[in-house]
Amino acid sequence: MRAFIVPQLGSAEVMQFGEVPKPVPGEYDLLVEVHATSVNPVDAKIRSGTRPRTLPLVLGFDVSGVITAMGAQVKGFKIGDAVYGSPNLFGLGANAEYVLLDARAAAHKPRSLDHLHAACLPLVSLTAHEALYERAHIQPGQTLLIHAGAGGVGHIAVQLAKLHGCKVITTAGRDESIAFCRDTLHADVVINYRNEDFVERIKELTSGQGVAVAFDTVGGDTFRKSIDCISPCGQLVTITAGETGAAAPAFLYKSVTVHYEFMGARVAYNQQPEKQGAILAGIANLVDNKLINVHVSKAWKFEELVEAHRAIETGRTIGKMAVVVKG
């Protein structure tokens, strides 16, 4: 089958079209004909070497497509079903004509979405849902800080938090991102982090108390500065390899809990992957009932995948970028 292969680590240009064997489903696997996938920041990080993997590799950790074969232990699906999910982040991805999905961590595609839009949901929805509900256990009425609200994970997290009855403060750095967070996502407060110190603004907005939960999708200084935004006994969730460093005493003396969220762990380590299937089924229901929405900033042809990688590395995209593989 055709696939975009990463034979060596480096810039987007290292990716090249090639042929790889069509995968064979294991007992819990679905073999999915890929109709669409998406590009996430993690794709570029793996390709560039900041998150090493065994080479050669095929990226693409979102998929929406149609089942063509399945393993003997698969339940709840049949050949021909339209499904969506995230391939194993340590296996072959969906930058190919076919990909394997763990059936326990997959779900039927939202009825109201085409494959292009459905393919932009799995990784970011699983990440946001697990971060907010399984890690932070958010409660109605809490005030949350969600960094980069216009990003892929951020724009789903803002919607889920608002739907749960939380007050949401988010950060953005460009006029179009700020407008998107304010007018489309209806965040309660949008902080322009380029013009304002978000720590001081949070203190002002919370009368010095801080927020109950901060969700870091950026890392680096954003992770470290977020400690100063959290109330005593609050929680910080990050999807980066953030290091507490000199901020460690502040975490201790404020009794702040730090959570690391990697949505790939459940499938990779076989840790109740069925929980992710349930999450995606719930997300599909929310989408079909128009309670949340996925924003696709641009759709690329499969042959344009290199350009899509260049675009994701600018950090200037809003929502998600789709890649049409079959259509």
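Residues numbered from 1 in each chain as written. Predicted model: local features only at pLDDT ≥ 70, side-chain atom pairs only at ≥ 80, totals over all residues. Heavy atoms only, no water.

**Q** What should I look at first to understand the overall build of the chain in this one?
**A** For the chain, the helix and strand inventory stands at 11 helices and 15 strands. Radius of gyration (C-alpha) of the chain: 19 Å, near the 20 Å computed for a compact globule of 327 residues. For the chain, the C-alpha atoms occupy an extent of roughly 60 × 40 × 35 Å along the three principal directions. A buried classification covers 55% of the 327 residues belonging to the chain. Summarising the internal contacts of the chain: among those between residues at least 6 apart in sequence, 66% fall at separations of at least 24. Accessible surface, the chain: about 13,700 Å² in total, of which carbon and sulfur atoms supply 51%. Computing the positive centroid from 31 side-chain charges and the negative centroid from 32, the chain places the two 2 Å apart. (Helix = DSSP H or I, 4+ residues; strand = E, 2+ residues; numbered from the N terminus. Rg over C-alpha atoms; globule rule 2.2 N^0.38 Å. Buried < 20%, exposed > 50% of the residue type's maximum accessible area, 1.4 Å probe, protein only. Contact = heavy atoms within 4.5 Å. Areas by Shrake-Rupley, 256 points an atom, 1.4 Å probe, with all protein chains shown as cover. Lys, Arg positive; Asp, Glu negative; His and termini not counted. Charge placed at Lys NZ, Arg CZ, Asp CG, Glu CD.)

**Q** I would appreciate a short explanation of the pairing of strand β13 (residues 257-260) in the present structure.
**A** Successive side chains on a regular strand alternate, one facing one side of the sheet and the next facing the other. Where strand β12 (residues 230-238) and β13 come together, four bridges link them in parallel fashion. In the strand pairing of β13, Thr 238 is matched with Tyr 260. What joins β12 to β13 is helix α8 (residues 248-253), and the crossover it makes is right-handed. (Pairing = 2+ DSSP bridges. Right-handed = clockwise from strand over helix to strand, strands pointing away.)

**Q** Sorry, what's going on with the environment of Ser 255 here?
**A** Note that Ser 255 resides in the loop between α8 and β13. Under the relative-accessibility criterion, Ser 255 is labelled partly exposed at 44%. Along the sequence, Ser 255 and Pro 232 sit 23 residues apart, while their C-alpha atoms lie 6.1 Å from each other. Apart from residues lying up to four places away in sequence, Ser 255 is in contact with Cys 233 and Gly 234.

**Q** Can you help me understand empty space enclosed by the protein in this one?
**A** If you roll a probe as big as a water molecule over the atoms, it shows you where there is empty space left. Per the stated rule, a full pass over the model turns up one cavity of 30 Å³ or more. By volume, the largest cavity amounts to about 40 Å³. Looking at the largest cavity, the residues that line it are Ser 86, Pro 87, Asn 88, Leu 89, Met 263, Gly 264, Val 267 and Gln 276. Of the residues that constitute the lining of the largest cavity, the class distribution is four nonpolar, four polar and no charged. (1 Å grid on protein atoms, 1.4 Å probe; cavity = no way out; pocket = protein on both sides within 12 Å on 5 of 7 lines; lining within 4 Å. Points joined across faces, edges and corners; volume = space filled by probe spheres on them. Nonpolar A, V, L, I, M, F, W, Y, C, P; charged D, E, K, R; others polar.)

**Q** Would you take a moment to explain helix α6 (residues 198-205) for this structure?
**A** The periodicity of an α-helix, 3.6 residues per turn, causes residues three or four positions apart to be oriented the same way. Listed as buried for α6 are Phe 198, Val 199 and Ile 202. An end-on view of α6 places all buried positions within 105° of arc, on one side of the element. Those residues of α6 that are buried lie in contact with β8 (143-146), β9 (167-172), β10 (189-192), β11 (211-216) and α7 (221-226). For α6, the N-terminal capping position is held by Asp 197, with its side-chain oxygen 2.8 Å away from the main-chain nitrogen of Val 199. Following α6 by one or two positions, Ser 207 adopts a phi angle in the positive range, close to 55°. (Arc of directions from axis to C-beta. Polar contact = N/O pair within 3.5 Å; in protein donor to acceptor, adjacent residues only side chain to side chain.)

**Q** Would you explain the packing of aromatic side chains in this entry?
**A** One pair of aromatic rings is described through two measures. These are the centre distance and the angle between the planes. Under the criterion given, the structure shown has five aromatic pairs. With 5.5 Å between their ring centres and 80° between their planes, Phe 4 and Phe 302 make a pair best called edge-to-face. Here Phe 4, found in strand β1 (residues 2-5), pairs with Phe 302, found in the loop between β14 (296-301) and α11 (305-312); they are 298 residues apart in sequence, far enough to count as distant. Both residues of the pair, Phe 4 and Phe 302, count as buried. With centroids separated by 6.2 Å and ring planes inclined at 55°, the aromatic side chains of Phe 90 and Tyr 269 adopt a geometry described as tilted. A residue pair is termed long-range when its members are at least 10 positions apart, and Phe 90 in the loop between β5 (82-85) and β6 (98-102) and Tyr 269 in the loop between α9 (265-268) and α10 (274-288) qualify at 179 residues. We classify Phe 90 as partly exposed; its relative accessible area is 44%. Tyr 269 gets classed as exposed once you look at its relative accessible area, which sits at 54%. Through a chain of ring-to-ring contacts, the aromatic side chains of Phe 4, Phe 17 and Phe 302 assemble into a single cluster. One cation-aromatic arrangement involves Arg 104 over Tyr 28; the distance from NZ or CZ to the ring centre is 4.1 Å. For Lys 298, the ring lying beneath its charged end belongs to Trp 300, and the centroid distance is 4.0 Å. (Phe/Tyr/Trp six-rings, centres within 6.5 Å; stacked < 30°, edge-to-face > 60°. Lys NZ or Arg CZ within 6 Å of the ring centre and 35° of its normal.)

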